[in-house]
Amino acid sequence: MTPRGPKRRCGLVLRVSTDQQAENDEGSLTTQRQRLLAKIDQMRAQGEDWERVEIYTLKAISGSLSLNSPEMQGLRRDVVAGRINLVLCTDLARISRSLKAFLDFYEFLTEHDAALVCLKQNIDSTSAQGLFTTQLTVALAQLERGQTCERNRDATLARCERGLWNGGPPLLGYDLPSPSDRGKLIVNEKDAEIVRLAFSIYEKTGSILETAKELNAKGFRTKPYRSRRSREHAAQAWGYTRTRTLLHNRAYIGVREINKRQRGKDESKILAHLRYREVPANWPAIIDREVFDRAQRLLGENKTTGHSVAKEIRHVYVFNHGLLLCEKCKKAMEGCSGTSRIGKRVYFYYRCRGCGFRIPAEEIEKVVVARIGELARKPSLLTPLVEETNRRLTLELPEIESRLGAARKELSSVSAEAGAVMRNVGSLEGSQAAVFVREHLEELAKRRSALEETLSELEVAAERIQRTAVNRDQVVAALARFKSAYAKLQPHQRRALIRLVIAQAEVSEGVLRLHFHGNPASEEIFEQIKREPGRKLSRLSEPFKWLRR
């Protein structure tokens, strides 16, 4: 029989959702293949020119993710190349359970003159009726998937409320009593000792990485297991993430957490049943609550400070990262350390990257704090600096106000011009000149938008200048509290406080110069302070003899 109709080069799509289905030799995949091959034989018997070209088998892939699988990507490439022009499946759900993803795929097939045939729904994608049926079928499949997800979520939540274990990778320190009883856990004493050791090491070192290294050095590994899909997961070495997860896991104190992802979030914005909460677990604790709480406090403090608070801090260089400059070569000075010849004493100092000039770290830090306190004790030192800062701000404000006035006038002019054009646009309706009127209006609209943005920026700048005018009494009050606050802070907090006050410091063998935040003072202001009678030992820039060794 001579074939009739266009030649159909068929790509067969087979899919199952689980490994158990995929491993069954006489299961769903075999049935799907037989039915699709029978369909091709049937069409050839009816005189159609159908040919099987390729079979795309999706094993253990969810219907919501199927179109992103490597197999379907290969199908797309074959369609683009013209190797496939008909996609054949037993059920639309085998292609996808997502309506949006399926419609994108269907549009792709249409663009490349490829057809879709589905046995169960008897789909004919070449007609409008067939397209409607296709969309409706996929929408129903998506609804079914959504309802299944809701049922599973509700069942999981109900089990959590009863303190049951919901599966997943096994918890180190516990075992399942039997494969059929997955809601309970029993203590595995051998593994529980590893968990207790991890908490003990962390409490001593204060370091997650060191805890992981010590566990690995002692030969301990994570718990191996076999998943429900029969995949073997071998024991792994401890790393930062695995160790941190273990130390944060409240299951070890007999607590079942519900909606863990919502922990710490604003509960007023979350529905009641979706909020984070804790319930007693149905398995015994293997870590004492006091030990666990100490570990959590240490984890929190380490996260806040950026270092292990369990270790003694040798020195924190508060002037690092460009805050301290060499007065001679203007290069940054960075913190360094060295030991005495016999190795019993450690020296901390700042060293210039350019000329190598050194100063003792503790001494320069004490002197700077003392100078800041001196400013508070002798407010008259601040007077020229405050006056100079406010003078510069005052000079900037008139210029900004002038620009504000000009921008407002221009905006008013543009608005008036647009109003005039709008009044005349009615008389030009239907004429060719209306096109030019619309273009003119669009141009005026763009100018107005730009002017409004400029006005907003200038108003913000004017407000900033008025707001940042310096009040000497407020500065004195703030500096008076600086020294006492500085003495009570942790080293890393001292560094942050110094940066709030000082923009930069310059130092040499004979000079210490501090630049505070705000508009920088000129050299004349420093000279004016130096020349004041009785200011010999209270200048902002004065000589020091640094201890070189």
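As a starting point, this report considers the structure included with it.

Rules and cut-offs
Residues numbered from 1 in each chain as written. Predicted model: local features only at pLDDT ≥ 70, side-chain atom pairs only at ≥ 80, totals over all residues. Heavy atoms only, no water. Helix = DSSP H or I, 4+ residues; strand = E, 2+ residues; numbered from the N terminus. Buried < 20%, exposed > 50% of the residue type's maximum accessible area, 1.4 Å probe, protein only. Areas by Shrake-Rupley, 256 points an atom, 1.4 Å probe, with all protein chains shown as cover. Patch = residues over 30% accessible without salt bridge, like charges linked within 9 Å, V, L, I, M, F, W, Y side chains within 5 Å. Salt bridge = Lys/Arg side-chain N within 4 Å of Asp/Glu carboxyl O. Polar contact = N/O pair within 3.5 Å; in protein donor to acceptor, adjacent residues only side chain to side chain. Contact = heavy atoms within 4.5 Å. Phe/Tyr/Trp six-rings, centres within 6.5 Å; stacked < 30°, edge-to-face > 60°. Core = buried A, V, L, I, M, F, W, Y, C linked by side-chain atoms within 4.5 Å. Pairing = 2+ DSSP bridges. Axes fitted to C-alpha atoms, helices over the stretch in contact; angles between N-to-C directions. Parallel < 35°, antiparallel > 145°, perpendicular 65-115°, else oblique. Nonpolar A, V, L, I, M, F, W, Y, C, P; charged D, E, K, R; others polar. Expected span 1.5 Å × (residues − 1). Arc of directions from axis to C-beta.

In terms of regular secondary structure, the protein is built from 16 helices and 17 strands. Counting all 549 residues of the protein, 38% fall into the buried class. As presented, the protein carries roughly 32,500 Å² of accessible surface, and 50% of it is formed by carbon and sulfur atoms.

It is worth spelling out a nonpolar patch on the surface at this point. On the surface, Phe132, Leu136, Leu140 and Leu143 cluster together to form a nonpolar patch covering roughly 400 Å² of accessible area. Inspection of the secondary structure puts Phe132 in helix 6 (residues 128-161).

The final tally for this structure, using the stated rule, is 15 salt bridges. Among the ionic pairs, Lys223 bridges to Asp191, the shortest N-O distance being 2.8 Å. In this pair, Lys223 is assigned in the loop between helix 8 (208-217) and strand 8 (225-226) and Asp191 in helix 7 (residues 189-205), connecting sequence segments 32 residues apart. Residue classification places Lys223 among the buried residues on the basis of a relative accessible area of 18%. Its relative accessible area of 13% is what places Asp191 among the buried residues. Across the pair Arg353 and Glu334 runs a salt bridge whose closest N-O atoms are separated by 3.7 Å. In this pair, Arg353 sits in the loop between strand 14 (346-352) and strand 15 (358-360) while Glu334 sits in strand 13 (residues 333-339), placing the two residues 19 residues apart along the sequence.

Position of Glu506 relative to the elements: it lies in strand 16 (residues 502-507). Engagement of the side chain of Glu506 in a polar contact is seen with the side chain of Lys330, the distance being 2.7 Å. Leave out the neighbours within four places in its chain, and Glu506 touches Leu325, Glu327, Lys330, Val511, Leu512, Arg513 and His515.

This brings us to the packing of aromatic side chains. If you walk through the whole model with that rule in mind, you get four aromatic pairs. Relative to Tyr252, the ring of Tyr174 has its centre 6.4 Å away and its plane inclined at 15°; by these criteria the two rings are stacked. One end of the pair, Tyr174, is in strand 6 (residues 174-175); the other, Tyr252, is in the loop between helix 9 (240-248) and strand 10 (255-258), with 78 residues separating them in the sequence. The residues Tyr174 and Tyr252 share a single accessibility class, namely buried. Aromatic pair Phe199 and Phe292: ring centres 5.9 Å apart, planes at 40°, arrangement tilted. One end of the pair, Phe199, is in helix 7; the other, Phe292, is in helix 10 (residues 289-305), with 93 residues separating them in the sequence. Residue Phe199 is classed as buried on the basis of its relative accessible area of 1%.

Moving on, we come to unusual backbone geometry. Residues other than glycine seldom take positive phi values, yet Asp113 does so here, at roughly 55°. Topologically, Asp113 is positioned in the loop between helix 5 (99-111) and strand 4 (115-118). The backbone phi angle of Lys330 is positive, close to 60°, even though this residue is not glycine. Residue position: Lys330 is located in the loop between strand 12 (324-326) and strand 13.

Here we take up the nonpolar core. Ranked by internal contacts, the top residues of the largest apolar core, which has 29 residues, are Val195, Phe199, Leu246, Tyr252 and Ile287. Secondary-structure elements contributing two or more residues to this core are helix 7, helix 8, helix 9 and helix 10. With seven residues, helix 7 is the single largest residue contributor to this core. Other than its neighbours up to four places away in sequence, Ile287 contacts Val195, Arg196, Phe199, Tyr252, Ile253 and Phe292.

The pairing of strands in a sheet happens through backbone hydrogen bonds and is either parallel or antiparallel. Taken in spatial order, the three strands make up an open sheet running 13-14-15, and their pairing is antiparallel. At either end of the open sheet lies a strand with only one pairing partner, and these are strand 13 and strand 15. With strand direction ignored, the average angle separating the axes of adjacent strands in the sheet is 35°. In the sheet, strand 13 pairs with strand 14 via seven bridges, with the strands oriented antiparallel.

It is the contact of helix 8 with helix 9, at a shortest axis distance of 9 Å, that shows an interaxial angle of 100°. Judged on the interaxial angle alone, helix 9 and helix 8 are roughly perpendicular. Residues Ile208, Leu209, Thr211 and Ala212 of helix 8 form the contact with helix 9, whose own contacting residues are Tyr240, Thr243, Arg244 and Leu247. Classifying every residue of the contact of helix 8 with helix 9 gives five nonpolar, two polar and one charged.

Between the first and last C-alpha of helix 5 there are 18 Å, a value that for 13 residues agrees with the 18 Å anticipated at 1.5 Å per step. Looking only at helix 5, the buried set comprises Phe102, Phe105, Tyr106, Phe108 and Leu109. One face of helix 5 carries all of its buried residues, which in axial projection span an arc of 155°. Residues of helix 5 that are exposed and point more than 90 degrees away from the buried face comprise Lys100 and Glu111.

Strand order in the open sheet made by the three strands is 12-16-17, with mixed pairing throughout. What marks the edges here is a single partner per strand, and that holds for strand 12 and strand 17 (512-516). Neighbouring strand axes in the sheet, compared pairwise and without regard to direction, differ in orientation by 20° on average. In the sheet, strand 12 pairs with strand 16 via three bridges, with the strands oriented parallel. Counterpart to Cys326 in the pairing with strand 16 is Val507.

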